[in-house]
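Chain by chain, the residues:
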Amino acid sequence: MASRRICTLFNFFESHGKETLAEFLKSWRSTTETFLVPMDNFIRTQLHANLDQSGTTSKYLYFNYGHFTNDQFVGFRPELVTPEWIAEIKGGMQKGYVAFPGGFHEVATLDGKPMSPELPKEDTSLFLVSNFKVAEGANLDDLEATWQDWTGIESVKGRVDLGFSNAGLYKRFTDERRSPFQYVMRTEFTKLGDNVDDGWKLVEKIRQLKVPDNLTCDTSLYKAVTECIYEGKAD
């Protein structure tokens, strides 16, 4: 099991096609620089972009992967919401995207070593990422005991030729009113930069897997946006 000390933010963005990439990045940077970077408990955040920007195979075009030393962040605790934060979020929705922020703990990694809050191992790394909604009443302990099977990691972890590095499972600790995803799985491949077609074959392999009836899944291929990596005060 990986460490639970760090609180991880997964914030998936669903675009409604009303703004350009440049507009989205400008808005995201403004929010990050204004609200996250000044925080004493903020470690780092990395924006990831979906390699399929058409939205035809996955509706989440971006996600934010951030790290904090504790849960004292407005994205985790509704009681910390301020009028300024509400105005910022409403502005984003009016510009054409909806955010689904949730607080997660890294509960398992394939090799037992924590992935959070590390940077990509290579600038060219690509990430196979799945988010999972879980039906009410599902046995979470049973799911976590078999996570390598239903996430599809068991079927792709042998791809050392594509630079398979590690895989992490993240479990939501915040309520579902803000993020509907109970789990997120993030896997790094360091040698897919020149083999994107092979990456999409892996995605398709995951998508075709039969997941338990109490799960629904969205999977795609992402890349960390180099100019959208911010470092904080904490370590």
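Residues numbered from 1 in each chain as written. Predicted model: local features only at pLDDT ≥ 70, side-chain atom pairs only at ≥ 80, totals over all residues. Heavy atoms only, no water.

1. With respect to the layout of surface pockets
In this approach, a probe sized like a water molecule rolls over the atoms, and the result shows the empty space that is left. Reported here for the second largest pocket is a volume of approximately 160 Å³. If you go around the second largest pocket, the residues you meet are Asp 111, Lys 113, Pro 114, Met 115, Glu 118, Leu 119, Lys 121, Ser 165, Asn 166, Arg 186 and Glu 188. Secondary structure elements with two or more residues in the lining of the second largest pocket: strand 6 (164–172) and strand 7 (183–189). (1 Å grid on protein atoms, 1.4 Å probe; cavity = no way out; pocket = protein on both sides within 12 Å on 5 of 7 lines; lining within 4 Å. Points joined across faces, edges and corners; volume = space filled by probe spheres on them. Helix = DSSP H or I, 4+ residues; strand = E, 2+ residues; numbered from the N terminus.)

2. Regarding the side chain of Asn 166
Turning to its location among the elements, Asn 166 is positioned in strand 6. The exposure class assigned to Asn 166 is buried, which follows from its relative accessible area of 6%. Within the local environment of Asn 166, its side chain forms a polar contact with the backbone oxygen of Lys 113, the two atoms lying 3.5 Å apart. Those residues in contact with Asn 166, other than ones at most four positions away along the chain, are Thr 109, Leu 110, Asp 111, Lys 113, Met 115, Arg 186, Thr 187 and Glu 188. (Buried < 20%, exposed > 50% of the residue type's maximum accessible area, 1.4 Å probe, protein only. Polar contact = N/O pair within 3.5 Å; in protein donor to acceptor, adjacent residues only side chain to side chain. Contact = heavy atoms within 4.5 Å.)

3. Description of the pattern of salt bridges
Under the defined criterion, the tally for this structure stands at 9 salt bridges. The residue Glu 144 makes a salt bridge to Lys 171 at a minimum N-O spacing of 3.0 Å. Of this pair, Glu 144 sits in helix 3 (residues 140–145) while Lys 171 sits in strand 6, placing them 27 residues apart in sequence. Across the salt bridge formed by Lys 157 and Glu 154, the nearest N and O atoms sit 3.2 Å from each other. (Salt bridge = Lys/Arg side-chain N within 4 Å of Asp/Glu carboxyl O.)

4. A word on the side chain of Ser 130
In this fold, Ser 130 is placed in strand 5 (residues 126–134). Look at Ser 130 and you get buried, because its relative accessible area is 0%. A distance of 2.6 Å separates the side chain of Ser 130 from the side chain of Thr 219, its partner in a polar contact. Setting aside residues up to four positions removed in sequence, Ser 130 forms contacts with Tyr 183, Val 184, Met 185, Ile 206, Cys 217, Asp 218 and Thr 219.

5. Here we look at the packing of aromatic side chains
To describe a pair of aromatic rings, you give the distance between the ring centres and the angle between the ring planes. For the structure shown, the criterion picks out 24 aromatic pairs. Their ring planes at 70 degrees and their centres at 5.3 Å tell us that Phe 12 and Phe 181 sit as a pair that is edge-to-face. With a gap of 169 residues between them, Phe 12 in strand 1 (residues 7–15) and Phe 181 in the loop between strand 6 and strand 7 connect regions that are remote in the sequence. With respect to burial, Phe 12 and Phe 181 carry one shared label: buried. Here Phe 73 and Phe 76 contribute two aromatic rings whose centre-to-centre distance is 5.2 Å and whose plane-to-plane angle is 85 degrees, an arrangement assigned as edge-to-face. Among the residues examined, Phe 76 registers a relative accessible area of 6% and is labelled buried. Members of the aromatic cluster, each reached through a chain of ring pairs, are Phe 10, Phe 12, Tyr 60, Phe 63, Tyr 65, Phe 100, Phe 104, Tyr 170, Phe 181 and Tyr 222. The ring of Tyr 65 is capped by Arg 186, whose NZ or CZ atom sits 3.9 Å from the centre of that ring. (Phe/Tyr/Trp six-rings, centres within 6.5 Å; stacked < 30°, edge-to-face > 60°. Lys NZ or Arg CZ within 6 Å of the ring centre and 35° of its normal.)

6. A short note on the pairing of strand 5
Summarising burial for strand 5: 7 of the 9 residues are buried, a large majority. In the sheet, strand 5 pairs with strand 7 via 7 bridges, with the strands oriented antiparallel. Counted as the bridge partner of Leu 126 is Phe 189 from strand 7. As paired strands, strand 5 and strand 8 (residues 215–231) are joined by 8 bridges and run antiparallel to one another. Of the residues in strand 8, the one forming a bridge with Ser 130 is Thr 219. (Pairing = 2+ DSSP bridges.)

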